[in-house]
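The primary structure of each chain is shown beneath.
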Amino acid sequence: MAAAGRDQFDDWVDATVIPPLVIETGTEVLDRDGDLLRAYQVDNGRWRLHADVASVDAGYLAMLVAYEDKRFYRHKGVDLIALGRAVGQAVRYQRMVSGASTLTMQTARLLEESGTGRWEGKLRQARLALALERRLSKQEILNLYLQRAPFGGNLEGVRAASLAYFGKEPRRLTPAQSALLVALPQSPESRRPDRRPEAAHAARDRVLERMRNAGVIDPETAETALTEAPTRTRRPFPLQAPHLADRLIADGAATRVETTLDGPLQRSLERLAKQTVRPLDPHLSVAIVVADHQTGEVLASIGSPDFRNETREGYVDMTRALRSPGSTLKPLIYGLGFERGMIHPETIINDRAQSFGNYAPQNFDGEFRGQIRVREALQLSLNLPVIGVLDAIGPSNFSAALRKSGAAVETPGDQPGLAVGLGGLGINLYDVVQLYAGLARGGQSLDLIEVAADPQSSARLMSKRAAWYVTDILSGIAPPVNARGQEIAYKTGTSYGHRDTLAIGYDGKHVVGVWMGRPDGTPVPGAFGAELAAPVLFQVFERLKSQPDPLPAAPPDALLISNAELPKPLRRFKGGGEVLADPNRPQIAFPPDGARIAANGDGLYVQIRNGAPPFSWLANGKPVAVKSWDRQMEIAAPGRGYLTVTVVDAKGRSTKTDVFVD
């Protein structure tokens, strides 16, 4: 009879319908050390994060078992001793005095999402608890509890509670913190520390007293814990590298993403970004990328100074936005010139008024320096010499080299023009940093990665000798005022119309890129890369390390000689455009010929320099203004497509530019 009853009982337990045991937890994005950068809620808006016995403070687990279910490791789901006591007390006092729910029964209730008060509910939980004990180990049952226990509001699980109430992972908790986390699930709403701090404090102290009496903690530890200031607030969950995290999640990454980011560095640079823009234009934004150019691992990625700041459009990831790179591509043009044997750093190159077909660029300051060494031309960021070198290389070949190195560039029209050498193309900060990482690696490009497991490809951008020439030149550029004198090879850039300012630099191990501007692409009057972005670049290096890693020594085949000692073909650059007989003729300063311009709903602003006023302005051959003394004109954009603007001065001299308007 007893055996038959036992068999029927076993069949009854085995027939129990067990709810799904795989618990949905929020996606986590971690830094290179496994620390949380950003967490996401589950679909129902709850904060529920993965937790297990191994990741939780042992003192908390000891308190939990001692307080909730001291015979947890001895019973098989139902504690008959506690059940008998609860029934006896209920009969004696005609009410429930003590509970008999084991941790396994509580876990069963959480899995079923059922109530606690009625006997039929208790019976169902007991049956499920017995079934769980037959299928799972004690540790697996605890793991389920640690992830599903309620802690007030939309907090589920000990890890979410620890982050919200203490701002820390539950790996190491104080006894007072452990006691609070033990007390909360019994009555999570009435004991919420952020809403009912007195009730939470009292519940915490009751747990501590009981733990002292049970010998779980010693009296001295209990006394110290009772004096610990109670928690009264709820902290926000970590929100570091939010743009990168969103991008990785959108790409379909796993629910636990381990990035290459250096968490402390990321947080430090996020603070720097906020400090940088705080006293500036309220619409100004900043983006920063830091990478180890030897491995290609991205160590920090700041897409904006404040993800939630709508005035600065902080939700826009400016590390990935296509913008003009200004003069930051000039080192690559010279590098390809070195690679092809056209020039050497000591080669004499002409800085004079020149035209290349309809394109007649000018230096930023409008001055000409005549004959100058290539080294000085790059350090001074002169426009005319570099366009001469680009003309000899070919803008299509240059664009192809950028793409071969992994940069996604967008050029106006079917064929890129010479304007790409001065920033007349679209490229994002991330790709510019990757190109400079190739320079730093001796001309060998390597894909930057943000997840260690991602594949990487490599391509030869230029020879080690050519890359070293560029590095040697860039390391000779004076640092910004008040910047610590570090041996950093760097270059700044300012896009047309002062819309973008950049500074990209590297030492022997790291490469850093800084962009500053407005996300909507409107101009920032008076903004220059050397004045706005470069100081931030050097501050990033100061936060990155105490001293820079040394730049590489010259390779054996580098020619470290003067101009007079160079082979004759390298002494003077023979390329360049047509020398202008009349350098005072009108020239369009902006936009450059072949540029792609976003009208942003407004007209297109065209600027001219030189020439004798008054001027006549034509758009696609139709007069816009005649006898105008202004050197700037707003041309109504005819819609998306090509636009030719022609300007004729009082002496009949003309100039024109062909652009594509988005």
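Structure's up top.
Quick look at the structure, then. Computed from a prediction, not measured in an experiment: that's the story for all the values here.

Conventions we followed
- Residues numbered from 1 in each chain as written.
- Predicted model: local features only at pLDDT ≥ 70, side-chain atom pairs only at ≥ 80, totals over all residues.
- Heavy atoms only, no water.
- Helix = DSSP H or I, 4+ residues; strand = E, 2+ residues; numbered from the N terminus.
- Rg over C-alpha atoms; globule rule 2.2 N^0.38 Å.
- Buried < 20%, exposed > 50% of the residue type's maximum accessible area, 1.4 Å probe, protein only.
- Contact = heavy atoms within 4.5 Å.
- Lys, Arg positive; Asp, Glu negative; His and termini not counted.
- Charge placed at Lys NZ, Arg CZ, Asp CG, Glu CD.
- Salt bridge = Lys/Arg side-chain N within 4 Å of Asp/Glu carboxyl O.
- Patch = residues over 30% accessible without salt bridge, like charges linked within 9 Å, V, L, I, M, F, W, Y side chains within 5 Å.
- Areas by Shrake-Rupley, 256 points an atom, 1.4 Å probe, with all protein chains shown as cover.
- Pairing = 2+ DSSP bridges.
- Axes fitted to C-alpha atoms, helices over the stretch in contact; angles between N-to-C directions.
- Parallel < 35°, antiparallel > 145°, perpendicular 65-115°, else oblique.
- Left-handed = near helix turned anticlockwise from the far one by under 90°.
- Expected span 1.5 Å × (residues − 1).
- 1 Å grid on protein atoms, 1.4 Å probe; cavity = no way out; pocket = protein on both sides within 12 Å on 5 of 7 lines; lining within 4 Å.
- Points joined across faces, edges and corners; volume = space filled by probe spheres on them.
- Nonpolar A, V, L, I, M, F, W, Y, C, P; charged D, E, K, R; others polar.
- Phe/Tyr/Trp six-rings, centres within 6.5 Å; stacked < 30°, edge-to-face > 60°.
- Lys NZ or Arg CZ within 6 Å of the ring centre and 35° of its normal.

Along its length, the protein chain carries 20 helices and 24 strands. In summary, the protein chain has a C-alpha radius of gyration of 34 Å against a globular reference of 26 Å for 662 residues, an excess of more than 25%. Within the protein chain, the fraction of its 662 residues that count as buried is 54%. For the protein chain, long-range pairs separated by at least 24 residues make up 68% of all intrachain contacts whose partners lie at least 6 apart in sequence. Side chains of the protein chain carry 79 positive and 75 negative charges; the gap between the two charge centres is 2 Å.

This paragraph deals with the environment of Asp 43. Within the secondary structure, Asp 43 is located in the loop between β2 (36-39) and β3 (47-48). Counting along the chain gives 19 residues from Asp 43 to Glu 24, while the straight-line C-alpha distance between them is 8.9 Å.

Where charged atoms from two side chains of opposite charge approach closely, those side chains can pair. The final tally for this structure, using the stated rule, is 32 salt bridges. In this structure, Asp 317 and Arg 247 form a salt bridge, with 2.8 Å as the shortest nitrogen-oxygen distance. In this pair, Asp 317 is assigned in the loop between β7 (297-302) and α13 (330-339) and Arg 247 in helix α11 (residues 242-250), connecting sequence segments 70 residues apart. The exposure class assigned to Asp 317 is buried, which follows from its relative accessible area of 15%. The buried category is assigned to Arg 247, whose relative accessible area is 17%. A salt bridge links Glu 450 to Arg 320, with the shortest nitrogen-to-oxygen separation between them at 3.4 Å. Taken together, the positions of Glu 450 in the loop between β11 (444-446) and β12 (458-460) and Arg 320 in the loop between β7 and α13 put the pair 130 residues apart, joining distant regions of the chain. When salt bridges with common partners are traced through the structure, they connect Glu 346, Arg 373, Arg 375, Glu 376 and Asp 472 into a single cluster.

Turning to a positive patch on the surface, a few remarks are in order. Taken together, the side chains of Lys 568, Arg 571, Arg 572 and Lys 574 make up a positively charged region of the molecular surface. Looking at the element boundaries, Arg 572 is found in the loop between α20 (568-571) and β16 (578-579).

For the rest of this paragraph, the subject is the sheet that holds β2. With respect to topology, three strands assemble into an open sheet ordered β2-β1-β5, the strand pairing being mixed. Among the strands making up the open sheet, the edge pair consists of β2 and β5 (256-258). Here the strands of the sheet are splayed against their neighbours by 15 degrees on average, with no regard to which way each runs. In this sheet, β2 lies alongside strand β1 (residues 28-30) in antiparallel orientation, the contact comprising three bridges. By the bridge assignment, Leu 30 is partnered in β2 with Leu 36. Along the sheet, α11 contacts β1, β2 and β5; its crossing angle with β2, the most-contacted strand, is approximately 60 degrees.

An order of β18-β24-β23-β20-β21 is seen for the five strands of this open sheet, with the pairing classed as mixed. The open sheet has two free edges, formed respectively by β18 (596-597) and β21 (622-628), since each of these has just one partner strand. By the bridge criterion, four bridges tie strand β20 (residues 615-619) to β21 in an arrangement that is antiparallel. Among the inter-strand pairings, Leu 618 is bridged to a residue of β21, identified as Pro 623.

Following Pro 613, the chain continues into Pro 614 via a peptide bond in cis, with omega recorded as 5 degrees. Although it is not a glycine, Asn 482 sits at a positive phi angle of roughly 75 degrees. Phi at Lys 627 takes a positive value of approximately 55 degrees, unusual for a residue other than glycine.

What follows deals with α11. Inspection of α11 places Pro 242, His 243, Leu 244, Ala 245, Arg 247 and Leu 248 among the buried residues, and these make up the whole buried set. On the buried face of α11, the contacting elements are β1, β2, β5, α12 (263-277) and β7. After α11 finishes, the residue Gly 252 shows a positive phi value of roughly 85 degrees.

Packing of helix α2 (residues 58-68) against helix α8 (residues 175-183) leaves a shortest axis separation of 9 Å and a crossing angle of 40 degrees. The orientation of α2 with respect to α8, classified from their angle, is oblique. In the packing of α2 onto α8, the handedness of the crossing is right-handed. Along its contact with α2, which presents Gly 59, Tyr 60, Met 63, Leu 64, Tyr 67 and Glu 68, the element α8 presents Pro 175, Ser 178, Ala 179, Leu 181 and Val 182.

For helix α9 (residues 197-213), with 17 residues, the first-to-last C-alpha span of 24 Å sits near the 24 Å given by 1.5 Å per residue. Every buried residue of α9 is listed here: Pro 197, Ala 200, Ala 203, Arg 204, Asp 205, Val 207, Leu 208 and Met 211. If you follow the buried residues of α9, they end up packed against α2, α8 and α10 (219-226). Looking one or two residues beyond α9, the residue adopting positive phi is Gly 215, at roughly 80 degrees.

This paragraph deals with empty space enclosed by the protein. Enumeration over the complete set of coordinates arrives at three cavities of 30 Å³ or more. Space inside the largest cavity adds up to approximately 70 Å³. Along its surface, the largest cavity is lined by Asn 358, Tyr 359, Ala 360, Gln 587, Ile 588, Pro 591, Pro 592, Asp 593, Thr 655, Lys 656 and Thr 657. Those elements that place two or more of their residues in the lining of the largest cavity are β17 (587-590) and β24 (654-661). Residue classes in the lining of the largest cavity are distributed as five nonpolar, four polar and two charged. Of the voids in this model, the second largest cavity is the one considered here, and its volume is about 60 Å³. Every residue along the wall of the second largest cavity is listed here: Ile 349, Asn 350, Arg 352, Gln 354, Leu 384, Pro 385, Gly 388, Phe 573, Gly 575 and Gly 576. With three residues, helix α15 (residues 383-393) is the single largest residue contributor to the lining of the second largest cavity. Of the residues assigned to the lining of the second largest cavity, the class counts are four nonpolar, five polar and one charged.

Before going further, it helps to examine the side chain of Arg 159. Mapped onto the fold, Arg 159 is located in helix α7 (residues 158-166). Ignoring sequence-local partners within four residues, the contact set of Arg 159 consists of Glu 28, Leu 36, Leu 49, His 50, Ala 51, Glu 169 and Pro 170.

This part takes up the packing of aromatic side chains. Throughout the structure, instances matching the rule amount to eight aromatic pairs. Here Phe 364 and Phe 528 contribute two aromatic rings whose centre-to-centre distance is 5.2 Å and whose plane-to-plane angle is 90 degrees, an arrangement assigned as edge-to-face. Taken together, the residues Phe 364 in the loop between β9 (354-355) and β10 (370-373) and Phe 528 in the loop between β15 (510-517) and α19 (529-544) connect sequence positions 164 residues apart. The side chain of Lys 138 reaches across the aromatic face of Phe 72, ending 4.5 Å from its centre. If you follow Arg 210 out to its NZ or CZ, it ends over the ring of Tyr 67, 4.3 Å from the centre.

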